[in-house]
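# Commentary on secondary and tertiary structure
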Amino acid sequence: MVTQLQSVGMIEFTSIAAGIEAADRMMKASLVEPLMLKTICPGKFVVAVHGDVAAVQSAVDAGMSSSDGTVADHFVIPNINEAVVSAMACATPEPSGSALGVIETFSAASSILAADTASKTADVDIAEVRIAMGLGGKAFCILTGDVAAVNMAVEAAANVVAQSAMLVRKVVIPSASPEVLRNIL
């Protein structure tokens, strides 16, 4: 069963100063709560907020309007899957299934969008969402489950991310070795 939170919006900035300024405008623009305000590699700043859909959209619009061309990526996801937020915090239960899917993206925002799409497409576990720390600005998400579910989820997520040209690569390993699973998860 998919557990969902309120809506989440994120803007990824290529400027730390612009990101902090936009975060302030976002908080003042509508009734939202910060989910994440932090620097990521290489010199980017991410602002993520949550609240009801209209408030989140209003906050993201306010942040985008003050960006002066510094937005690398952004999204608003109504009813984000709670498993995605847990995976961002590395607080996920032991993943199940023998298949392993990896979706690598050019931005943190697109990786979160990919993970949410995957989780809503098929019965998979979102094992991790790694957002641009020590990755040169890239991000990735890892999911597990049975082969058919992982294939379906990876394909759907990759198609969504590819629409904005943020897809680096997608991989499905039908029967991942226990050593690989143990060392990457």
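Residues numbered from 1 in each chain as written. Predicted model: local features only at pLDDT ≥ 70, side-chain atom pairs only at ≥ 80, totals over all residues. Heavy atoms only, no water.

## A short note on the overall build of the protein chain
Note the cut-off: Secondary structure elements follow DSSP: runs of H or I no shorter than four residues count as helices, runs of E no shorter than two count as strands, and numbering proceeds from the N terminus. Put simply, the radius of gyration uses C-alpha atoms, and a globule should come to 2.2 Å times the residue count raised to 0.38. We call two residues in contact whenever any of their non-hydrogen atoms come within 4.5 Å of each other. Per-residue accessibility takes into account occlusion by the displayed protein chains alone, with areas from the Shrake-Rupley method and a 1.4 Å probe. When charges are counted, neither His nor the chain ends are considered; positive counts come from Lys and Arg and negative counts from Asp and Glu. Taken as the charge location is NZ of Lys, CZ of Arg, CG of Asp or CD of Glu.
Of regular secondary structure, the protein chain possesses six helices and eight strands. Helices and strands in the protein chain line up, N terminus first, as β-α-β-β-α-β-α-β-α-β-β-α-β-α. A compact globule built from 185 residues would reach a C-alpha radius of gyration of about 16 Å, and the protein chain, at 16 Å, matches this within 12%. Dimensions of the protein chain along its principal axes, counting C-alpha atoms only, are 50 × 30 × 30 Å. Considering only contacts in the protein chain between residues 6 or more positions apart, those separated by 24 or more positions represent 76%. A total accessible area of about 8,400 Å² is found for the protein chain, and carbon and sulfur atoms account for 56% of it. Put simply, the protein chain has 10 plus and 18 minus side-chain charges, and the middle of one group is 7 Å from the middle of the other.

## A closer look at the nonpolar core
Soluble globular proteins tend to bury their nonpolar side chains together. Rule in force here: By nonpolar core we mean a set of buried residues, namely Ala, Val, Leu, Ile, Met, Phe, Trp, Tyr and Cys, connected to one another through side-chain atoms within 4.5 Å. The cut-offs for exposure are 20% and 50% of the maximum accessible area for each residue type, with area from a 1.4 Å probe on protein chains only; residues under the lower value are buried, those over the upper are exposed, and the others partly exposed.
The biggest cluster of nonpolar side chains holds 35 residues, and the ones touching the most others in it are Met10, Val84, Ile112, Val124, Ile126, Val129 and Leu143. Here Leu143 is in contact with Ala99, Leu100, Gly101, Ile103, Ala118, Val124, Asp125, Ile126, Ala127, Val150, Ala153 and Val154, once residues within four sequence places are set aside. Counting 13 residues, the second-largest nonpolar core is a separate cluster that includes Ala22, Val32, Val47 and Val60.

## Brief notes about the pattern of salt bridges
Our working definition: The term salt bridge refers to a side-chain nitrogen of Lys or Arg lying within 4 Å of a carboxyl oxygen of Asp or Glu.
Under the defined criterion, the tally for this structure stands at seven salt bridges. Linking Asp116 and Lys120 is a salt bridge whose minimum nitrogen-to-oxygen distance equals 2.9 Å. Of this pair, Asp116 and Lys120 both sit in helix 4 (residues 108-121), separated by four residues, roughly a single helical turn. You can call Lys120 partly exposed: its relative accessible area is 36%. Close ionic contact of Glu128 with Arg130 constitutes a salt bridge, the shortest N to O distance being 2.6 Å.

## Topic: helix 5 (residues 147-162)
Just so we agree on the cut-off: A helix is expected to span 1.5 Å multiplied by its residue count minus one. Identification of polar contacts relies on pairs of N or O atoms within 3.5 Å, with a donor-acceptor requirement for protein atoms, meaning one able to donate a hydrogen and the other able to accept it, and with residues adjacent in sequence counted only if both atoms are side-chain atoms.
Over its 16 residues, helix 5 runs 22 Å from end to end, which matches the ideal 22 Å to within 8%, given 1.5 Å per residue. Considering only its buried residues, helix 5 is in contact with strand 5 (99-105), helix 4, strand 7 (139-145) and strand 8 (167-173). A side-chain oxygen of the first residue of helix 5 lies 3.2 Å from the backbone nitrogen of Ala148; this N-cap is Asp146.

## Quick word on helix 2 (residues 53-65)
Owing to its 3.6 residues per turn, the α-helix aligns residues three or four sequence positions apart on the same side. To keep things clear, this is the line we draw: Here the arc refers to the directions that run from the helix axis out to each C-beta atom.
Over its 13 residues, helix 2 extends 18 Å from the first C-alpha to the last, a length consistent with the 18 Å expected when each residue adds 1.5 Å. Residues Ala55, Val56, Ala59, Val60, Ala62 and Gly63 constitute the buried set of helix 2. Buried residues along helix 2 cover an arc of 160° about the axis, so they all sit on one side. What points out from helix 2, more than 90 degrees from its buried face, is the exposed set Ala54 and Ser65. Its buried side turned inward, helix 2 meets strand 1 (7-13), helix 1 (16-29), strand 3 (44-51) and strand 4 (71-77). Capping the start of helix 2, Asp52 holds a side-chain oxygen 3.2 Å from the backbone nitrogen of Ala54, two or three residues further along.

## Thoughts on the environment of Gln6
Relative to the helices and strands, Gln6 is located in the segment before strand 1. Within the structure, Gln6 has its side chain in polar contact with the backbone nitrogen of Asp52 (distance 3.2 Å).

## Points about the sheet that holds strand 8
Heads up, the rule is: Only strands that DSSP links by at least two bridges are regarded as paired with each other. With axes taken as lines fitted to C-alpha atoms, and helix axes fitted only over the stretch in contact, angles between N-to-C directions fall between 0 and 180 degrees.
What the four strands build is an open sheet, ordered 6-7-5-8; its pairing is antiparallel. Two strands in the sheet have a free side with no partner beyond their single neighbour: strand 6 (125-131) and strand 8. Ignoring which end each strand starts from, the neighbouring axes of this sheet average 10° apart. The pairing of strand 6 with strand 7 spans six bridges and is classified as antiparallel. Within strand 7, the position partnered with Arg130 by the bridge is Phe140. The strands that helix 5 touches are strand 5, strand 7 and strand 8; relative to strand 8, the one it contacts most, it runs at about 175°.

Geometric values such as these leave the question of function open.
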